Each structure stands twice: as structure tokens, then as C-alpha cells.
Amino acid sequence: MEKLSAHLEENKQYLQGQFTNAMDFMMRELELDGTEAALFGLDGLVSKQIITLSILNPLLDGALSGQGDALLLQAEKTVLGSMEQKREARMDQLLLLLMSGFAVLCIDGCQEALVFGVQGFETRGPDEPQNEVMQRGAKDGFTESYQNNISMIRRRMKTTALKFEKAEVGGKSHTPLALCYLEGVASPQILGQLRQRLKTFNLDTALGAGYLVSFLERGGIFSGVGMTERPDVVCGKIEEGRIAILMEGTPSALLVPFLFVENFQTLDDYLTRPFYGTFIRWLKYIAFFLSAFLPGLYVAIATHHPELLPEALLLKIAESEAQTPFPVMAETLILYFLYEVLREAGLRAPRSLSATVSIVGGLVIGDTAVTAGLVSAPSLLVVALTAIAGYAVPRLYEPLALLRLGFLLAGNFLGVWGVMIGLLLLLMDLCGSDSFGVPLLSPVSPYSGRLAFRDVFVRANWKRLSKGSANVQDMPGNIVP
């Protein structure tokens with residue numbers, strides 16, 4: 001059945017057949033001036049109070065007259081008071097609207113139905129983001145309702161240039177999403193690329209924004225698609241020409257294009273004084289290199305190049321290793337995997353047990369392993385320092401986990417030269433990657449001193465930041481067609 005039938009009984013039978021064994025399907029039969037009508041909705045998705053006050057009461061109390069299309073037109077123009085209503089004749093769209101929280105009114109003799117936006121399902125209110133904790137920023141974060149997320153952005157940016165373009169993904173789920181950007185600031189070419197890549201999404205269901213990432217990026221170690229839970233971060237990014245993707249059912253937004261240096265930037269950097277923001281940023285750069293290279297360099301030097309260590313430190317390491325049954329590589333690898341297991345257990349365990357898992361894993365197991373002579377204290381210290389440094393740049397934790405393992409293996413088999421080869425390959429991957437035509441390593445490579453010394457190597461003050469544009473269209477080496 002492609003289109004709505006003019007016979008109400010046929011429409012009722014078709015809809016009841018589509019929702020067979022669906023206990024949430026609701027149908028309310030009416031009689032309007034002697035003409036049969038029916039109102040359809042799904043329990044839990046619609047607000048019964050809104051339906052009663054804005055649809056049923058006006059229909060039953062109104063002085064309606066006529067039949068067929070005339071009756072429908074009179075109800076639409078003079079009786080019903082719903083803010084969001086429209087006509088629809090296609091049955092597939094009516095089914096989709098029903099499953100999206102709309103109510104449908106069908107009148108006998110009409111080949112069109114009236115559709116009302118009466119959503120009433122429960123949604124979680126804005127709460128402080130769990131993964132992006134800020135000291136001075138706002139405490140509200142995105143929720144699972146993309147319409148609520150749109151309103152949080154609109155409250156912060158009161159401009160008509162702010163656009164929310166509706167789209168949907170998923171062959172069966174028809175998950176709605178919104179492309180958020182500033183007209184005249186966002187690149188039309190990037191916007192066109194984004195629309196085309198969304199059309200390539202061929203999965204039947206999209207249960208989260210993470211489903212889209214593989215279809216939006218070109219691959220590589222570091223992602224060219226950012227993610228944030230904070231509406232204030234989204235506002236700052238779209239002012240720079242980025243495009244945000246707000247998806248129904250996901251309490252976070254995707255950002256494109258996304259540059260590598262943005263992994264080290266947080267809102268707190270811009271809410272503190274410039275010299276402290278610069279200091280914190282360099283701490284993150286150092287933490288990134290420690291987390292990625294420290295285990296590999298430790299194994300490489302201890303195994304292949306002990307002459308690089310001071311004599312006192314070399315003697316301490318040798319003394320500790322002499323008391324353990326495993327070589328440096330084996331115990332470092334064991335500690336690395338043990339840490340990853342404990343981290344995963346802490347994340348997945350109930351909140352009442354997560355603290356216990358951390359204490360038992362970090363203190364009891366670690367101290368016992370060293371005391372029993374299974375692992376050496378220097379190896380445990382290196383792995384612990386590496387893990388703590390990784391938390392300083394949480395957005396890069398996933399690639400860092402694999403890079404750490406790769407440099408560890410390279411250092412064990414090839415020494416320091418293996419770590420250097422790994423670093424060279426990493427730089428080649430970074431320099432050769434782009435995010436929607438913008439080089440991923442901009443503005444460091446291709447280099448732009450004006451941009452690099454405004455918001456990469458240093459965090460300039462707002463007087464200086466306000467004088468220049470950080471729009472992605474102004475990035476050096478922009479290869480947007």
C-alpha cells in the first residue's frame with residue numbers, strides 16, 4: 001500500500017496489520033459530523049495529555065460540518081490548535097512518522113492524513129559531561145535528544161546564520177540527524193563532501209554517532225572526525241568553520257574537519273590566562289610523547305643500548321632485572337596488558353565496584369608482583385607513568401594504546417633505531433592524511449607561523465586571537481576542491 005486510501009476501513013486494517021502484536025499501537029475512533037475518523041499513535045512515544053488537549057477536545061467540541069476533503073480542511077484551518085502539523089498521503093512516511101512520536105488523523109473519504117507533532121517520550125536532562133570535565137566551563141552537556149542539543153546550541157549563538165540542516169541515516173532505523181554550521185563561514189565544498197559521504201552510509205541501523213565515523217574519515221592512525229559532549233565546544237568550533245553532526249540517541253556531537261592539534265585543546269585553555277594555557281598545552285604535548293614512546297625507549301635502551309644510561313641508573317636496573325625471571329620486554333608487555341585489563345574492568349564494572357578494582361589492581365597486584373620478584377620496579381614505574389600520561393590527552397587514548405605496543409615491539413627487536421623508524425612512519429602518516437581536504441597536521445605541516453604561534457605552540461591572548469581568522473578555509477595547504 002503506497003498511498004493512503006480514501007476508505008478509512010482499508011487504512012485501519014493496513015495499519016493494524018503493520019503493527020500486529022505491537023501492544024503500544026493505539027487507535028481512537030471518532031465521528032465528526034456523521035463522518036468516521038480515527039486517530040493513531042504509539043504509546044510511550046506520544047503525549048496523551050497533548051493529544052487530548054490539542055486534538056481530541058477541539059475535534060469533539062468543534063462545530064464541524066461537511067465531508068471528505070472539506071471536513072479535513074475545516075479541521076486543519078479552524079479547529080485544531082497543534083503547532084506542528086502537516087498533511088501526508090504516502091503510507092511509508094506515515095509509518096515512519098508514527099514511529100517517531102507523531103499522531104495521525106485519518107478521515108473517511110480523504111486520501112490525505114493530518115500528522116501532528118505530539119512527542120512525549122522521556123528524555124534525560126542536561127548533565128555535566130563525564131568524559132570532558134572542565135574547571136571553568138559550563139556544566140551542561142548534550143543529551144540523547146538531538147532536538148534538545150539543537151536548543152542548547154541555539155541559546156548560545158543567537159544568529160540567523162546558524163543553520164541546522166536535517167538528514168537521516170539507516171535503511172531501517174531512519175535515524176534523524178542535523179548538520180550544524182554557520183552560513184558564510186563553513187566551506188560549501190566541505191559541506192557538499194559531508195552530504196555525499198552521509199549518502200554512502202549503507203547500514204540498516206545507526207545506534208550511535210560512532211557508526212558514522214568510518215564513513216566520514218579516510219582511515220589512518222589518527223581520526224579526522226572529532227567528538228565532543230559539550231555544546232560550548234561545538235559553538236567554538238562552528239565559529240571556526242567546522243560542521244557539527246548532531247544525531248538522535250547520541251549524547252555527543254561529531255565535528256568535521258578535525259585537526260590533530262585539536263586533540264590537545266580544551267575549553268579551559270581559553271578560560272585561563274594565556275601563559276598558563278600555554279604551559280598546560282605543552283604539558284599535554286610532553287604527556288603524549290611519554291605515553292607513546294617511553295615503554296619502547298625503555299626496552300630499547302635496556303636491551304640494546306645500556307651504554308646510554310648513567311652508571312648508577314644502569315646498576316639499579318640491572319640489579320632489579322637480575323631478581324626477576326622474565327626479560328625486560330616480557331615483563332613490560334605483561335604489565336602493559338595487565339594494565340589494559342584492569343582499565344577495561346574498571347570501566348565495565350558497576351560503579352560500586354570500580355573503585356575497588358582500581359585499588360586492588362593498582363596497589364595490591366602491582367606491589368605484590370614486585371615483592372614476589374615477578375616483575376621489576378623500574379618496569380612497573382615505566383608502565384604506570386605511561387598510563388598516567390595517556391590520561392592527559394584522553395581523546396588520543398585509543399591510537400596511543402596501539403602506538404605504545406608498536407613502539408614497544410620495535411624497540412625490542414631493532415633498538416632505538418626501531419623507535420626512530422616508527423616515529424618516521426608516524427610522521428609520514430600524519431603529514432599524508434587530511435580531514436575533508438584540510439591537512440590533518442595543519443597549521444604545523446604545511447607550516448604557518450601566524451596560526452601556529454596563535455593557538456598551537458602558544459595560546460595567545462584574546463586580543464591577538466580576535467584579530468586573525470582560524471577558519472579551516474584559511475589553513476595552509478587546504479586541498480578542498
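Scroll up to find the structure.
Please read these numbers as outputs of a predicted model, since none were measured by experiment.

**Focus on the pairing of strand S1 (residues 25–32)**
Okay, so step 1: When S1 meets strand S2 (residues 35–42), the two strands line up antiparallel, connected through 8 bridges. Opposite Met-26, over in S2, you have Gly-41 as the bridge partner.
Okay, so step 2: Hairpin remark: S1 followed by S2, antiparallel, with 2 residues in the connecting loop; positive phi at Asp-33, about 55°.

**Side note on the sheet that holds strand S8 (residues 226–228)**
Okay, so step 1: Strand order across the open sheet formed by 5 strands is S6-S7-S9-S10-S8, with antiparallel pairing between neighbours. Single-partner strands in this sheet number two, and they are strand S6 (162–169) and S8. If you compare each strand with its neighbour and ignore which way they point, the axes differ by 25° on average.
Okay, so step 2: Pairing geometry for S8 and strand S10 (residues 253–256), over 3 bridges, is antiparallel. When the bridges of S10 are listed, Met-227 appears paired with Leu-254.
Okay, so step 3: Helix H5 (residues 146–156) rests against S6, strand S7 (175–182) and strand S9 (243–247) of the sheet, and its axis sits at about 165° to S6.
Okay, so step 4: Lying over the sheet, helix H6 (residues 188–199) contacts S6, S7, S9 and S10, oriented at roughly 170° with respect to S7.

**Looking at the packing of helix H10 (residues 274–304) against helix H12 (residues 328–348)**
Okay, so step 1: Contact geometry for H10 and H12: axes closest at 10 Å, N-to-C directions at 160°. Between H10 and H12, the crossing angle belongs to the class labelled roughly antiparallel. Judged by the twist between their axes, the crossing of H10 over H12 is right-handed. In this structure, H10 contributes Pro-295, Tyr-298, Val-299, Ala-302 and Thr-303 to the contact, and H12 contributes Val-328, Met-329 and Thr-332.
Okay, so step 2: The residue inventory of the contact of H10 with H12, partitioned by class, reads 6 nonpolar, 2 polar and no charged.

**Some remarks on the nonpolar core**
Soluble, globular proteins show a tendency: their nonpolar side chains are buried together.
Okay, so step 1: Judged by nonpolar contacts, the single largest core of 55 residues is most densely connected at Leu-194, Leu-212, Leu-216, Phe-222, Ile-243 and Phe-260.
Okay, so step 2: Broken down by element, this core gets its largest block of residues, 9 residues, from H10.
Okay, so step 3: Look past the residues within four positions of Leu-216 in its chain and what remains in contact with it is Leu-194, Arg-197, Leu-198, Val-225, Ile-245, Leu-254 and Phe-436.
Okay, so step 4: With 22 residues, the next largest nonpolar core counts Ala-37, Leu-39, Leu-56 and Cys-110 among its residues.

**Topic: the pattern of salt bridges**
Okay, so step 1: Applying the stated criterion across every chain, the model contains 18 salt bridges.
Okay, so step 2: Between Glu-76 and Arg-87 there is a salt bridge, and its shortest N-O distance comes to 2.9 Å. You can see Glu-76 sitting in helix H3 (residues 68–79) and its partner Arg-87 sitting in strand S3 (residues 85–88), a full 11 residues away along the chain.
Okay, so step 3: When its relative accessible area of 16% is taken as the criterion, Glu-76 is described as buried.
Okay, so step 4: Here Lys-284 makes a salt bridge to Asp-269, at a shortest N to O gap of 3.6 Å. Remark: Asp-269 occurs in helix H9 (residues 267–271) and Lys-284 occurs in helix H10; sequence separation between them is 15 residues.
Okay, so step 5: Owing to a relative accessible area of 10%, Lys-284 belongs among the buried residues under this scheme.
Okay, so step 6: What makes Asp-269 buried here is its relative accessible area of 2%.
Okay, so step 7: Bridged by salt links that share partners, the residues Lys-237, Glu-240, Arg-242 and Glu-262 form one connected network.

**Description of helix H16 (residues 416–432)**
Okay, so step 1: Between its first and last C-alpha atoms H16 spans 24 Å; for 17 residues at 1.5 Å apiece the expected length is 24 Å, and the two agree.
Okay, so step 2: Looking only at H16, the buried set comprises Val-416, Gly-418, Val-419, Gly-422, Leu-426 and Leu-430. Buried positions in H16, seen along its axis, are confined to an arc of 155° and lie on one side of it. When the buried face of H16 is taken as reference, the exposed residues oriented beyond 90 degrees from it are Trp-417, Leu-424, Leu-425, Met-428 and Gly-432.
Okay, so step 3: On its buried face, H16 is in contact with H10 and helix H15 (397–414).

Conventions we followed
Residues numbered from 1 in each chain as written. Predicted model: local features only at pLDDT ≥ 70, side-chain atom pairs only at ≥ 80, totals over all residues. Heavy atoms only, no water. Pairing = 2+ DSSP bridges. Helix = DSSP H or I, 4+ residues; strand = E, 2+ residues; numbered from the N terminus. Axes fitted to C-alpha atoms, helices over the stretch in contact; angles between N-to-C directions. Contact = heavy atoms within 4.5 Å. Parallel < 35°, antiparallel > 145°, perpendicular 65-115°, else oblique. Left-handed = near helix turned anticlockwise from the far one by under 90°. Nonpolar A, V, L, I, M, F, W, Y, C, P; charged D, E, K, R; others polar. Core = buried A, V, L, I, M, F, W, Y, C linked by side-chain atoms within 4.5 Å. Buried < 20%, exposed > 50% of the residue type's maximum accessible area, 1.4 Å probe, protein only. Salt bridge = Lys/Arg side-chain N within 4 Å of Asp/Glu carboxyl O. Expected span 1.5 Å × (residues − 1). Arc of directions from axis to C-beta.

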